[in-house]
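Here are the chains, one letter per residue:
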Amino acid sequence: MTVMVSKPSPMGWVNQLAMTARTAILQNRPLRQLLSLVLFFGIWQILSSINFHFIINFQFLPSPLEVFRATIKFMTGNPWIHFWSSIQRVLWGYAIASMAGVLLGVLVGWFEVVEDLTMPPLEILRPIPAVAWIPLAILMFPNAETGMVYITFLGAFFPILISTIKGVESTLGDTVLIRVGQCLGANPWHIFKDIVIPGSMPSIASGLTIGMGNAWFCLVTAEILAGRYGIGYITWESYVTSNYPPIVMGMLLIGLMGAFSSWAVDRAARALMPWRVIKKQS
Amino acid sequence: MVTMQQIEQERRTTLKGSVQVEGLSVVYRRKQYENGVLDSIQLAIQPGEFVCLLGPSGCGKSTLLNVIAGFIKPSSGYVLVDQTPITRPGADRGFVFQQYSLLPWKTTFQNVEMGLRIQGVSKAERTERVNDYLNRVGLYKHRNSYPHQLSGGMQQRASIIRALVNSPSVLLMDEPFAALDAQTRHMMQELLLSIWDDLKTTVIFVTHDIEEAIFLGDRICTMGVHPGRIKSEIPVHLPRPRHFDDTLSQDFIDLHRRVFDCIREETMKSMEAC
Ligand SMILES: Nc1ncnc2c1ncn2[C@@H]1O[C@H](COP(=O)(O)OP(=O)(O)OP(=O)(O)O)[C@@H](O)[C@H]1O
Ligand SMILES: [Mg+2]
């Protein structure tokens, strides 16, 4: 009996390991997130190597390994000029969109006159996809660089604008909060800065996060206008020359930078709002 | 520095805080359909008096309080606070809401401080006064907490001093303790009475809890429905300061009976209407 207990069977040992692994994965959030990436690329690699073909055809798709090789090649060349060109365009477009979107959104949410005077044309422009703007961007701006900033601006502007308007409107609609201010003697300016602005912050922040992603989303479209540099430009150029692995590489790099910068905006917004409590199911 | 004692002195000498409601009616209009909520309300309140408005749900207690606060315009009649007609909300009428109403993005201290800041009181005096009031209700320790870190009772205590720190003429309270558990509610009632003993601010307190009305008030105004009006005014002559034990005294029980009979008829009426 004692021997049995002190020396568990091989199966018991394996079970125990599996159990430990399971709890480690269930408890550890970064590990779970890493796991999702490993699964994603792993499944893709498997589907590529067995030439999976059912509805979706993996036969002609570059496999993760081919993309990886293309990435190594790109990185050992001179990648920074491409990164830097793209980042600059996105950040300029995003910065202008944030300022314009929040400012106009607050005014539209607060003043009915501003809403009536600005929103009808903006509502018409809003559904137009960025790619449709390419010809006009060429005509409208003195150089391609400005045109590209304009396209990324468009991507970020509308989500920021709409979220800001909704945030201001919903705070103004909160009768109790407004009344709290009024019976403390607040004038419209106090109500605006102490109640309406902080009250719409969560909504503005989500607009800024979505806007950041959307600016990257529009990068390939914008860099159709580019002559030489940019991650989006490489993606588009590789398509024109039928060189597929760099396309996927470009897509993934844009995805990565978009995800990272959205995350950074989200973090910054949370740091500005220590009063918020977010409790999720674990 | 202005202490609670000084405020009390000032109030005793100037007798700030009279409220007069004259022929007040409120009609809500919805497409072609008129809903008379309040009908020629007549009410006179002395400076420093604690008046409880008691009535069944839907009789217009909140509406009456909102008119006095200046949130709603009456359809006819008027309200005078210290002989001045009310046209809009102002810091002279503090309000404590039934819902938790602290601003979520401000700490306890900042919430309580807000009224003084709006009035342009200097930083040093603000800090002094706010800390004085926070201490009074046992919230000093929690002055840097955000509302979501406070219990419901703490939030309501903060709401009460947020209104009182501006030394209003009148404190309007709309079922401020309705969301609290019975134990906390009793503690809050005693706390409110002890602050009121110091400040002697006029209080108009809305409730549908008979015991609460008797325990707190100098006078109970019961309200009737269809349309909303003051049905009877019952003075409460129980001695002050009052303690929770007093709710078991014979006087209290007799009064409870009397108010209950008064309210019952109206409650039945309001239920039939539903
Ligand atoms: N904004 C409004 N528009 C139309 N009718 C309203 C409005 N607010 C309140 N009423 C009506 O007025 C009546 C009185 O409402 P009020 O909120 O003053 O009652 P109450 O006595 O405070 O009730 P409770 O005890 O439930 O809070 C109700 O019948 C309600 O339907
Ligand atoms: Mg009410």
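Everything that follows concerns the structure shown earlier in this document.
Now for a description of the structure that goes with this document. Given the structure is predicted, the values throughout are model-derived calculations rather than measurements.

Notes on the overall build of chain A
Here comes step 1: The helix and strand tally for chain A stands at 13 helices and 2 strands.
Here comes step 2: Taken against the 2.2 N^0.38 rule, which gives 19 Å for 282 residues, the C-alpha radius of gyration of chain A at 25 Å runs more than 25% over that of a compact globule.
Here comes step 3: Over its C-alpha atoms, taken along the principal directions, chain A stretches across nearly 80 × 60 × 35 Å.
Here comes step 4: The 282 residues of chain A split such that 39% are buried.
Here comes step 5: When contacts within chain A are restricted to residue pairs at least 6 apart in sequence, long-range pairs at least 24 apart make up 70% of them.
Here comes step 6: Here chain A contributes 17 positively and 12 negatively charged side chains, and the mean placements of these two sets differ by 18 Å.

Here we look at the site of ligand 1
Residues and elements named next belong to chain B.
Here comes step 1: Close to ligand 1 lie Tyr28, Arg30, Val37, Ser57, Gly58, Cys59, Gly60, Lys61, Ser62, Thr63 and Glu175, which account for all nearby residues.
Here comes step 2: Residue Ser62 places a side-chain N or O atom 2.6 Å away from an oxygen atom belonging to ligand 1.
Here comes step 3: Relative to its free-state accessible area of 630 Å², ligand 1 is covered by the protein chains to the extent of 63%.
Here comes step 4: Per element, the largest residue contribution to the shell around ligand 1 is 3 residues, and it comes from helix α2 (residues 61-69).
Here comes step 5: By residue class, the composition of the shell around ligand 1 is 3 nonpolar, 5 polar and 3 charged.

Examining the interface of chain A and chain B
Here comes step 1: Listed by partner, the interface residues are 19 residues for chain A and 23 residues for chain B.
Here comes step 2: Where chain A abuts chain B, roughly 2,000 Å² becomes buried across the two surfaces, and 72% of that area is made up of carbon and sulfur atoms.
Here comes step 3: When the area that chain A buries against chain B is broken down by residue, the three leading residues are Cys183, Leu184 and Trp275 of chain A, summing to 34%.
Here comes step 4: Remark: the boundary between chain A and chain B carries 2 salt bridges.
Here comes step 5: One salt bridge in this structure joins Arg117 of chain B and Asp194 of chain A, with 3.1 Å as the shortest N-O distance.
Here comes step 6: In this assembly, chain A and chain B are joined by 3 residue pairs in polar contact (both at pLDDT 80 or more).
Here comes step 7: Of all the secondary structure elements, the ones that give two or more residues to the side of chain A that touches chain B are α9 (175-182) and α10 (188-217) of chain A.

Considering the sheet that holds strand β10 (residues 229-235) of chain B
Residue and element names in this part refer to chain B.
Here comes step 1: With mixed pairing, 6 strands are arranged side by side in an open sheet as β6-β7-β8-β3-β9-β10. Edge strands, defined here as strands with exactly one partner in the open sheet, are β6 (93-96) and β10. Direction aside, the axes of adjacent strands within the sheet are offset by 20° on average.
Here comes step 2: Running over the sheet, helix α5 (residues 152-164) touches β6 and β7 (170-174) and is turned about 175° from β6.

What about the packing of helix α6 (residues 112-125) of chain A against helix α8 (residues 144-172) of chain A?
Residue and element names in this part refer to chain A.
Here comes step 1: Direction vectors running N to C along α6 and α8 enclose 140°, while the axes themselves pass 12 Å from each other. On the basis of the axis angle, α6 is oblique to α8. Crossing of α6 over α8 shows left-handed handedness. Residues Glu115, Met119, Leu122, Glu123 and Leu125 of α6 lie in contact with α8, whose contacting residues are Phe157, Phe158, Leu161, Ile162, Ile165 and Glu169.
Here comes step 2: Partitioning the contact of α6 with α8 into residue classes produces 8 nonpolar, no polar and 3 charged.

Here's the deal with the nonpolar core
Residue and element names in this part refer to chain B.
Here comes step 1: The biggest cluster of nonpolar side chains holds 54 residues, and the ones touching the most others in it are Val21, Leu53, Leu64, Val79 and Ile204.
Here comes step 2: Not counting residues up to four positions away in its chain, the partners in contact with Val79 are Val19, Gln20, Val21, Leu24, Val67, Ile68, Thr84, Pro85 and Ile86.
Here comes step 3: By size, the runner-up hydrophobic cluster in this structure holds 49 residues, among which are Val130, Ala163, Leu180 and Ile195.

Points about the packing of aromatic side chains
Here comes step 1: Enumeration according to the criterion identifies 22 aromatic pairs over all chains in this entry.
Here comes step 2: Ring geometry for Phe50 of chain B and Phe205 of chain B: centres 6.0 Å apart, planes at 35°, overall tilted. Remark: Phe205 of chain B occurs in strand β8 (residues 202-207) and Phe50 of chain B occurs in strand β3 (residues 50-54); sequence separation between them is 155 residues.
Here comes step 3: On the accessibility criterion, Phe50 of chain B (0% relative accessible area) is buried.
Here comes step 4: You can call Phe205 of chain B buried: its relative accessible area is 0%.
Here comes step 5: Members of the aromatic cluster, each reached through a chain of ring pairs, are Trp133, Phe141, Tyr150, Phe153, Phe157 and Phe158 of chain A.
Here comes step 6: Across from the ring centre of Tyr140 of chain B, 4.0 Å away, lies the NZ or CZ of Arg143 of chain B, which sits over that ring.

Cut-offs and rules
- Residues numbered from 1 in each chain as written.
- Chains lettered and ligands numbered in written order.
- Predicted model: local features only at pLDDT ≥ 70, side-chain atom pairs only at ≥ 80, totals over all residues.
- Heavy atoms only, no water.
- Helix = DSSP H or I, 4+ residues; strand = E, 2+ residues; numbered from the N terminus.
- Rg over C-alpha atoms; globule rule 2.2 N^0.38 Å.
- Buried < 20%, exposed > 50% of the residue type's maximum accessible area, 1.4 Å probe, protein only.
- Contact = heavy atoms within 4.5 Å.
- Lys, Arg positive; Asp, Glu negative; His and termini not counted.
- Charge placed at Lys NZ, Arg CZ, Asp CG, Glu CD.
- Near = heavy atom within 4 Å.
- Polar contact = N/O pair within 3.5 Å; in protein donor to acceptor, adjacent residues only side chain to side chain.
- Areas by Shrake-Rupley, 256 points an atom, 1.4 Å probe, with all protein chains shown as cover.
- Nonpolar A, V, L, I, M, F, W, Y, C, P; charged D, E, K, R; others polar.
- Buried area = accessible area lost by both parts, 1.4 Å probe.
- Salt bridge = Lys/Arg side-chain N within 4 Å of Asp/Glu carboxyl O.
- Pairing = 2+ DSSP bridges.
- Axes fitted to C-alpha atoms, helices over the stretch in contact; angles between N-to-C directions.
- Parallel < 35°, antiparallel > 145°, perpendicular 65-115°, else oblique.
- Left-handed = near helix turned anticlockwise from the far one by under 90°.
- Core = buried A, V, L, I, M, F, W, Y, C linked by side-chain atoms within 4.5 Å.
- Phe/Tyr/Trp six-rings, centres within 6.5 Å; stacked < 30°, edge-to-face > 60°.
- Lys NZ or Arg CZ within 6 Å of the ring centre and 35° of its normal.

Interpretation in functional terms is not warranted from these geometric data alone.
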